[in-house]
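Read off the chains here:
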Amino acid sequence: MEQSLFKYSGAGNVFVVLDGRGGGVDIWRQPSTISDICARTATDGIMILDEAPGYDFGMEFYNPDGSGGMMCGNGGRCIVAFADYLGIKGAEGRFYRFLAPDGVHTATILEGSGEDCTVRLRMKDTQGIKEVLGGWFLNTGTRHFVKFVEDVEKVDVDLEGKFLRWRQEFAPEGSNVNFVSVGPDAIHVRTFEKGVERETLACGTGITASALTACHVGVAPSKEEDGRVEYRIRARQDMLQVDFKPAGPDSFEDIYLTGPAKQLQILL
């Protein structure tokens, strides 16, 4: 258990991160250990940076309940910052190529360093949006249900999110739930995350899903140029951007999520 643990925040989504390249981290993959450390550190998940032949590094992600196998957008930015902090340099300087649970991702540190920086992370291309339960369902590396509401601040996210998360329409894996309202300058998003089983301050794959869905239903983007559109997204405490190329009525390519990643503390 003698392993240095770091606490990182991606726009308020907070994780325990550790370096697994030297081995000896199997205990941190056990659901009981994950649940315990997340409860003790008030974090939304645990990530292990490990070796991935042919890539700058690999990313393992686990929810507080021990479930894994999905992508985490805010976690992706944090693990890129962590790689920079560890002295890992990408083949092209501050450009990284890494292997995550949903496949290959690339990212660039736009400014700052591994302790406090802004990261532009490429997400997976997304095809297919299904209208269901008065909202929209899609997969941006993790399963998401997006529901537009008049004012997200008036939504009981934990109560309504828990109900929708377990609906039969999303069985058997369930779904994250995003409540979205459209403001004059940005889209406002609040998310109930499965595996965490409560609202988190931000969810990268959910913010991405919300931006793609906004485009799908005709919400005007913050910016449009050369076939790309950009949406500004207000999470609970930070502003993020999602930009991409619409490739059809329910198909999106070259998707990027940009936002902060910051080391909060060294836990041990």
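Just so you know, these numbers come straight off a predicted model, no measurement behind them. Each chain has its residues counted from 1, running along the sequence as written. Where totals are concerned, whole chains, interfaces and linings use all residues; where local detail is concerned, this predicted model gives features only for residues with pLDDT of at least 70, and gives and counts side-chain atom pairs only at 80 or more. As a rule here, side-chain values come from all non-hydrogen atoms in the structure, and water together with hydrogens is ignored.

**Overview of the nonpolar core**
For soluble globular proteins, the rule of thumb is that nonpolar side chains tend to be buried together. Definition of nonpolar core: a set of buried residues of the types Ala, Val, Leu, Ile, Met, Phe, Trp, Tyr and Cys, connected through side-chain atoms within 4.5 Å. Here's how the labels work: a residue is buried when its accessible area is under 20% of the maximum for its type, exposed when over 50%, partly exposed in between, all with a 1.4 Å probe on protein chains only. In terms of nonpolar packing, the biggest core is built from 54 residues, with Met59, Tyr231 and Phe244 touching the most fellow members. For this core, the element with the most residues is helix H2 (residues 73-85), which contributes 6 residues. We call two residues in contact when some of their heavy atoms are within 4.5 Å. Residue contacts for phenylalanine 244: discarding those within four places in its chain leaves Ala211, Leu212, Cys215, Gly227, Arg228, Val229, Tyr231, Phe252, Glu253, Asp254 and Ile255. Strands are runs of DSSP state E lasting at least two residues, helices are runs of H or I lasting at least four, and both sets are numbered from the N terminus onward.

**Thoughts on helix H3 (residues 157-165)**
Taken residue by residue, H3 has Val157, Gly161, Leu164 and Arg165 as its buried positions. Projected down its long axis, H3 shows its buried positions confined to an angular sector of 100°, all on one face. Away from the buried face of H3 by more than 90 degrees, exposed residues Leu159, Lys162 and Phe163 are located. Elements that come into contact with the buried residues of H3 comprise strand E11 (143-148), strand E12 (176-182), strand E13 (187-193) and strand E14 (198-200). The arc in question is the one spanned by the directions pointing from the helix axis to the C-beta atoms.

**Regarding the pattern of salt bridges**
Two side chains carrying opposite charge are able to pair once their charged atoms lie near each other. Whenever a carboxyl oxygen of Asp or Glu lies within 4 Å of a side-chain nitrogen of Lys or Arg, that contact is scored as a salt bridge. By the definition in use, this model includes 18 salt bridges. One salt bridge connects arginine 165 with glutamate 197, and the closest N-O pair in it is separated by 3.0 Å. Within this pair, whereas arginine 165 is found in helix H3, its partner glutamate 197 is found in the loop between E13 and E14, the two being separated by 32 residues in sequence. Given a relative accessible area of 5%, arginine 165 falls into the buried group. Three or more residues joined by partner-sharing salt bridges are found here, namely Arg120, Arg122, Asp125, Arg228, Asp243 and Asp254.

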